[in-house]
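Observations on the three-dimensional arrangement
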Amino acid sequence: MSSREIKKRRVPIFLYHGVSECDADAIRDPIYALPSAAINAQVAWLREHGCATVPLDAILARPGGEEGSCVITIDDCLVSAYTHLFPLLLSAGYRAVLFPVAGMVGRRGWVGWGELDEMCRAGMEIGSHTVSHANLAAIPPDEAKRELRESKKLLEDRLGVRVKFLSLPGGYHSATLTAAAIETGYEAICGSVFGYSRYGADRYALKRFCLRQGDGEVIIRRIMRGAFMPLSPRYLRERGKGLCRRLMGERLYTAVRGALITRGAYKTLPRFPVGG
Ligand SMILES: [Zn+2]
């Protein structure tokens, strides 16, 4: 296979946040919680069509992996990560990369340390999603560095694993953050730009397909078959949002989004208790 063909190979990184029926206790955005039936159908489709999950490492280090592979990531780690997604993925023979908010582990509505440990031992990978789910691009650089450093250390100390990956809360990103993450020892960063990652992609700017309410197995089928073309309405909408964000800058984007929220343009947004 030519290096050109290898480079072209795309690996979808799917992103789940929660399950509608399980996560009512945690204050978060219901848009990102899918009904269990939808998630079950998506995983069933992957399984029935012989799709495999691969570790995040595989797409970074090993060029030219199998077609039909994907990476599954779970951000936040609300209780459903353990009560629903974990047994579902395990029974399908799948593994995922979990990105818990380190400071929220064990709180009501969130996974506990024992549950995370069990999932690690069953083969799930652990990455960091910071200590408090802060917007790292909006807080002072020293504070952002502390979030990166302390979450990594806490997860490593409590779970006895090496934490190599970072998922950015809200996808808020900057060049300074990348430098800080590398300095802290992270080997890859998952953002929230909607799209395919490729074997040999920029490891500090991995794109993901965030699944949200209303998504069924159709979207999984289209993404896995590479039919999720740039002209599909969903793709255009998501990339349009990303473009606005880049043009406005993270601070302005956050401010405008916040203003829209108070006017009811959005029903809810993630509101994570901070601190402690
Ligand atoms: Zn999050």
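None of these values were measured; they are calculated from a predicted model. (Residues numbered from 1 in each chain as written. Predicted model: local features only at pLDDT ≥ 70, side-chain atom pairs only at ≥ 80, totals over all residues.)

A few words now on the nonpolar core. The biggest cluster of nonpolar side chains holds 67 residues, and the ones touching the most others in it are Cys77, Ala81 and Leu98. When residues of this core are assigned to their parent elements, the largest contribution, six residues, is made by helix H4 (residues 79-91). Look past the residues within four positions of Ala81 in its chain and what remains in contact with it is Ile74, Phe86, Leu98 and Val111. (Core = buried A, V, L, I, M, F, W, Y, C linked by C-beta atoms within 7 Å. Buried ≥ 20, exposed ≤ 12 C-beta atoms within 10 Å, placed from the backbone. Helix = DSSP H or I, 4+ residues; strand = E, 2+ residues; numbered from the N terminus. Contact = placed C-beta atoms within 7 Å.)

What helix H8 (residues 217-224) keeps buried is the set Ile219, Ile220 and Met224. One face of H8 carries all of its buried residues, which in axial projection span an arc of 125°. In the segment just after H8, Gly226 is the residue with positive phi, at about 70°. (Arc of directions from axis to C-beta.)

Position of Tyr186 among the secondary structure elements: in the loop between helix H7 (175-184) and strand S10 (188-194). When the C-alpha positions of Tyr186 and Phe165 are compared, they lie 5.5 Å apart, and in sequence the two are 21 residues distant. Excluding residues that lie within four positions of it along the chain, Tyr186 makes contacts with Lys164, Phe165, Leu166 and Ala181.

Given 3.6 residues per turn, any residue in an α-helix points the same way as the ones three and four places further on. Within H7, the full set of buried residues consists of Leu177, Ala180 and Ala181. Seen from one end, H7 has its buried residues packed into an arc of 100°, which puts them on one side. Among the exposed residues of H7, those pointing more than 90 degrees away from its buried face are Ala175 and Glu183. At the C-terminal side of H7, Gly185 shows a positive phi close to 110°.

Positioned with a positive phi, Cys77 is a non-glycine residue whose angle comes to about 65°. Its location among the elements puts Cys77 in the loop between strand S6 (69-76) and H4.

Here we take up the confidence of the model for the protein chain. For the protein chain, per-residue confidence averages 84 on the pLDDT scale, and residues scoring 70 or more make up 84% of the total. Confidence drops under pLDDT 50 across residues 1-8; counting only partners more than four residues distant or on other chains, this segment forms seven contacts. Confidence drops under pLDDT 50 across residues 261-276; counting only partners more than four residues distant or on other chains, this segment forms 18 contacts. (pLDDT = per-residue confidence, 0-100.)

We now examine the packing of helix H6 (residues 141-159) against H7. At a minimum axis separation of 10 Å, H6 and H7 run at an interaxial angle of 35°. Read as a crossing pair, H6 and H7 show a hand that is right-handed. Where H6 abuts H7, its residues Pro141, Ala144, Lys145, Leu148, Arg149 and Lys152 lie against Thr176, Leu177, Ala180, Ala181 and Thr184. Residue composition of the contact of H6 with H7, grouped by class: six nonpolar, two polar and three charged. (Axes fitted to C-alpha atoms, helices over the stretch in contact; angles between N-to-C directions. Left-handed = near helix turned anticlockwise from the far one by under 90°. Nonpolar A, V, L, I, M, F, W, Y, C, P; charged D, E, K, R; others polar.)

On to the environment of Asp117. With respect to the helices and strands, Asp117 occurs in helix H5 (residues 113-121). Of the residues examined, Asp117 has 15 C-beta atoms within 10 Å and is grouped as partly exposed.

Remember that side chains alternate between the two faces of the sheet whenever the strand is regular. Counting buried positions along S10 gives six out of seven residues, so the element sits mostly inside the fold. With three bridges joining them, strand S9 (residues 165-167) and S10 adopt parallel strand pairing. Bridged to Ser167 within S10 is Cys190. Regarding the hand of the β-α-β motif, the stretch spanning S9, H7 and S10 is right-handed. Summarising the sheet, S10 and strand S12 (residues 206-210) pair through two bridges and their orientation is parallel. If you follow Phe194 over to S12, its bridge partner there is Arg208. (Pairing = 2+ DSSP bridges. Right-handed = clockwise from strand over helix to strand, strands pointing away.)

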